[in-house]
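Structural overview for review
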Amino acid sequence: AAQQALMLRTAQRYFDVALAQEALRVLDQQHQAVQKAATEAQDRFDIGSAPVTDTHEARARLAALRAQRLAAQTDLDVKRRALADSTGLAPAALTVRLPAASAPPALRALDAWQQEAEAANPAIRLQQLAADIARAEAEKQRRSAAPTVELVAQAVQERLHGSGDYGSARNKNLNALVGVQVNVPLYTGGYRAAREEEALRLQDKAQAQVQSTREQVAQQVHGAWLGLNLGAERVQALTDALTASEARRDATQTGHEVGHRTLLDLLNAENDTAAARLALAQARASLLLDRLRLAQLAGRLDEDTLRTANQALSAAP
């Protein structure tokens, strides 16, 4: 259970670093595009074909992007340090990648995942063991307060051998005992009854925790399953949104060149394209992470599952 939880936490930190790195890359691309637009705005203003507001808007956007990039770099360094602590590798040696576009895997029915999680989830099994221990302790306390009848058998043999002034002597004694022993606990002022009652209540508590853990795991399995079931459609929708956003940006660029669009329209189009690209990267990472989370809830987060996930990362550009 601890090993699977550690693997899932490391995977989460891995994707945190990958997304932070992607955010920094997108900001760099956005900064280059805005820098180009700012240069063009300054050139147009110098020849008198563009208002000074275009220059001010481009400079303001550049300043905002520089601030965002500094924050993104700090966020990346912190998350890379956390990943290095989890893996034991040096931060400079860590190479991360995001999942590429791929066909969605075949997904089993929700009931199948729920049944498998019910039988193999580490948290449920741990709580069930705790409930079994509490049940055994309650049975122990119940029996300690009841009279007992025991069959007792005992055999003792003694030998004595020695010599003195008047000669040698020997003595042998053999005792055998077979009987029935009845133990009746004395009254202890309610101590035994209190211990038994405490053990019974602890047993009820442990059983309630088992049921609570089962409900929590069932909800988590349902959430991860929905994330996989709808995640592929969400990724496709965001892919279409990115394509449309890039087309809009290109059209806005052309309109700005011929004077039909303002520089602010172009800057907004660049910003929307960057946001769409980041949203798509986050959706792909969430889809793969939901696969790992569902496997962990079902007790199946092993090397084969990680190897399959790594293949999706290896295919990424």
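Everything below is about the structure printed above this text.
Residues numbered from 1 in each chain as written. Predicted model: local features only at pLDDT ≥ 70, side-chain atom pairs only at ≥ 80, totals over all residues. Heavy atoms only, no water.

**A word on the overall build of the chain**
- The number of helices and strands found in the chain is 7 helices and 2 strands.
- Along the chain direction, N to C, the helices and strands of the chain fall in the order α-α-α-α-β-β-α-α-α.
- By the compact-globule yardstick of 20 Å for 317 residues, the chain is too spread out, its C-alpha radius of gyration being 37 Å.
- Considering only C-alpha atoms, the chain reaches an extent of 140 × 50 × 40 Å along its principal axes.
- The buried share among the 317 residues of the chain stands at 29%. (Helix = DSSP H or I, 4+ residues; strand = E, 2+ residues; numbered from the N terminus. Rg over C-alpha atoms; globule rule 2.2 N^0.38 Å. Buried < 20%, exposed > 50% of the residue type's maximum accessible area, 1.4 Å probe, protein only.)

**Concerning the packing of aromatic side chains**
- Inspection of every chain in the model, using the stated rule, returns 1 aromatic pair.
- Their ring planes at 85 degrees and their centres at 5.5 Å tell us that Tyr 14 and Phe 15 sit as a pair that is edge-to-face. Of the two residues, Tyr 14 and Phe 15, neither departs from the other in class, the shared state being buried.
- Stacked on the ring of Trp 113, the Lys or Arg Arg 108 has its end atom at 4.2 Å from the ring centre. (Phe/Tyr/Trp six-rings, centres within 6.5 Å; stacked < 30°, edge-to-face > 60°. Lys NZ or Arg CZ within 6 Å of the ring centre and 35° of its normal.)

**Describing the environment of Phe 45**
- Considering the arrangement of structural elements, one finds Phe 45 in helix H1 (residues 2–47).
- Sequence separation between Phe 45 and Ala 241 is 196 residues, and the spatial gap between their C-alpha atoms is 34 Å.
- Beyond its immediate chain neighbours, meaning those up to four positions away, Phe 45 contacts Ala 50, Pro 51, Val 52 and Thr 55. (Contact = heavy atoms within 4.5 Å.)

**Thoughts on the packing of helix H4 (residues 122–144) against helix H5 (residues 191–258)**
- It is the contact of H4 with H5, at a shortest axis distance of 8 Å, that shows an interaxial angle of 165 degrees. As far as their axial angle goes, H5 and H4 are roughly antiparallel. Crossing of H4 over H5 shows left-handed handedness.
- Residue classes in the contact of H4 with H5 are distributed as 12 nonpolar, 8 polar and 7 charged. (Axes fitted to C-alpha atoms, helices over the stretch in contact; angles between N-to-C directions. Parallel < 35°, antiparallel > 145°, perpendicular 65-115°, else oblique. Left-handed = near helix turned anticlockwise from the far one by under 90°. Nonpolar A, V, L, I, M, F, W, Y, C, P; charged D, E, K, R; others polar.)

**Notes on the packing of H1 against helix H6 (residues 263–297)**
- Packing of H1 against H6 leaves a shortest axis separation of 10 Å and a crossing angle of 170 degrees. Overall, the two elements H1 and H6 adopt an arrangement that is roughly antiparallel.
- Split into classes, the residues belonging to the contact of H1 with H6 amount to 21 nonpolar, 7 polar and 5 charged.

**Quick notes on the side chain of Thr 213**
- You can see Thr 213 is positioned in helix H5.
- Owing to a relative accessible area of 12%, Thr 213 belongs among the buried residues under this scheme.

**Remarks on the pattern of salt bridges**
- The final tally for this structure, using the stated rule, is 16 salt bridges.
- Between Arg 300 and Glu 116 there is a salt bridge whose closest N-O contact spans 3.4 Å. Placement of Arg 300 in the loop between H6 and helix H7 (303–314) and of Glu 116 in helix H3 (residues 110–120) is noted, with a sequence separation of 184 residues between them.
- Overall, the relative accessible area of 36% leaves Arg 300 in the partly exposed class.
- Sharing partners across several salt bridges, the network here consists of Arg 108, Glu 116 and Arg 300. (Salt bridge = Lys/Arg side-chain N within 4 Å of Asp/Glu carboxyl O.)

**Points about the nonpolar core**
- Within the largest apolar cluster, 36 residues are counted, with the highest numbers of intra-cluster contacts made by Tyr 14, Phe 15, Leu 83, Val 96, Leu 263, Leu 288 and Leu 292.
- Of all elements in the fold, only H1, helix H2 (52–87), H6 and H7 reach the threshold of two or more residues within this core.
- Looking at which element gives the most residues to this core, the answer is H1, with 13 residues.
- Setting aside residues up to four positions removed in sequence, Leu 292 forms contacts with Leu 8, Ala 11, Leu 301, Thr 305, Leu 306 and Ala 309. (Core = buried A, V, L, I, M, F, W, Y, C linked by side-chain atoms within 4.5 Å.)

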